[in-house]
Amino acid sequence: MTNPQDKNKSSIGIGMIAIAWLLIMAAGALWYHEWAEQQYNPNQNISGNRSGHSTTIKLTANKQHQYLANGKIGDTTGVFIVDTGATEVVVPQQLARSANLPQGAPTKAMTANGLITVYSTIIPVMNIGPLVIRNVEASINPAMEGSGILLGMSALKDMEILHSNGVLTITQDY
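Residues numbered from 1 in each chain as written. Predicted model: local features only at pLDDT ≥ 70, side-chain atom pairs only at ≥ 80, totals over all residues. Heavy atoms only, no water.

## Topic: the side chain of threonine 56
Heads up, the condition is: Working definition: helices are DSSP H or I runs of at least four residues, strands are E runs of at least two. Numbering for both runs from the N terminus. Relative accessibility decides the category of a residue: with a 1.4 Å probe and only protein chains considered, values under 20% of the type maximum give buried, values over 50% give exposed, and everything between is partly exposed. We call two N or O atoms a polar contact when they sit within 3.5 Å, provided that within protein one can donate a hydrogen and the other can accept it, with sequence-adjacent residues counted only if both atoms are side-chain atoms. What makes two residues a contact is simply this: any of their non-hydrogen atoms within 4.5 Å.
Structurally, threonine 56 can be placed in strand 2 (residues 54-60). Using a relative accessible area of 18% as the deciding quantity, one classes threonine 56 as buried. Within polar-contact distance, the side chain of threonine 56 engages the side chain of threonine 171 at 3.0 Å. With residues near it in sequence (within four places) discarded, threonine 56 still touches Ser47, Gly48, Asn49, Thr169, Ile170 and Thr171.

And the structure:
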């Protein structure tokens, strides 16, 4: 004959094992998410080097050979994608709204997906690590999704850019 207390102890033991496995799987999923994010954007936390009248940051390329960096437009965070082939900084419309960027005149722009309407704006201040860039000409793109901001030449034009062995060095004089 089975004792009801033994059955309860067995059920509790199985429940505890199930909870332990769920916790292990949740911890593994969290670790994997952070690892994958680090692979996509290896420049999560950018520190800079100040020397004399300049500040330098170094960005490491991700697995797709892109240079990404966390940054801010005003108080709104996003991920900057360095694009020296882009004339201007291009901001997704949703992020532009969050950053309270004024939506100016509509213009046409040629993208990889064809001709689209974008809106001119001026970004009062943006930060990439210790770099501070002011009064940047930009475009608001209603067709862009997510928090990826193309960091074009309207922001980089006065900076020194050096690319070597998977590292992009950006120096800003002030």
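Right, picking up where we left off after that structure.
## Some thoughts on the environment of alanine 109
Following the sequence through the fold, alanine 109 ends up in strand 6 (residues 106-111). Residue classification places alanine 109 among the partly exposed residues on the basis of a relative accessible area of 22%. Placed 47 residues apart in sequence, alanine 109 and leucine 156 show a C-alpha to C-alpha distance of 20 Å. Sequence-distant contacts of alanine 109, defined by excluding residues within four places in its chain, comprise Gly114, Leu115, Ile116 and Val118.

## Examining the pairing of strand 10 (residues 159-164)
The criterion, for reference: We treat two strands as partners when DSSP finds at least two bridges between them.
Two elements, strand 10 and strand 11 (residues 167-173), share 6 bridges in a ladder whose sense is antiparallel. In the strand pairing of strand 11, leucine 162 is matched with threonine 169. Where strand 10 hands over to strand 11, the hairpin turn is made up of 2 residues, of which asparagine 165 adopts a positive phi near 50°.

## Considering the environment of isoleucine 149
By secondary structure assignment, the location of isoleucine 149 is in strand 9 (residues 148-151). With 69 residues separating them along the chain, isoleucine 149 and phenylalanine 80 place their C-alpha atoms 4.7 Å apart.

## A short note on the sheet that holds strand 1 (residues 48-51)
Two pairing modes exist for strands in a sheet, parallel and antiparallel, and in both the strands are linked by backbone hydrogen bonds. Rules: To get an axis, a line is fitted to the C-alpha atoms, and for a helix only the part in contact is used. The angle between two axes follows their N-to-C directions and goes from 0 to 180 degrees.
Overall, antiparallel pairing links the 4 strands, which are arranged 1-2-11-10 in an open sheet. Lying at the two open borders of the sheet, with one neighbouring strand each, are strand 1 and strand 10. Between one strand and the next, the sheet's axes are offset by a mean angle of 20°, whatever the strand orientation. Inspection of the sheet shows strand 2 paired to strand 11 by 7 bridges, in the antiparallel sense. If you follow isoleucine 57 over to strand 11, its bridge partner there is isoleucine 170.

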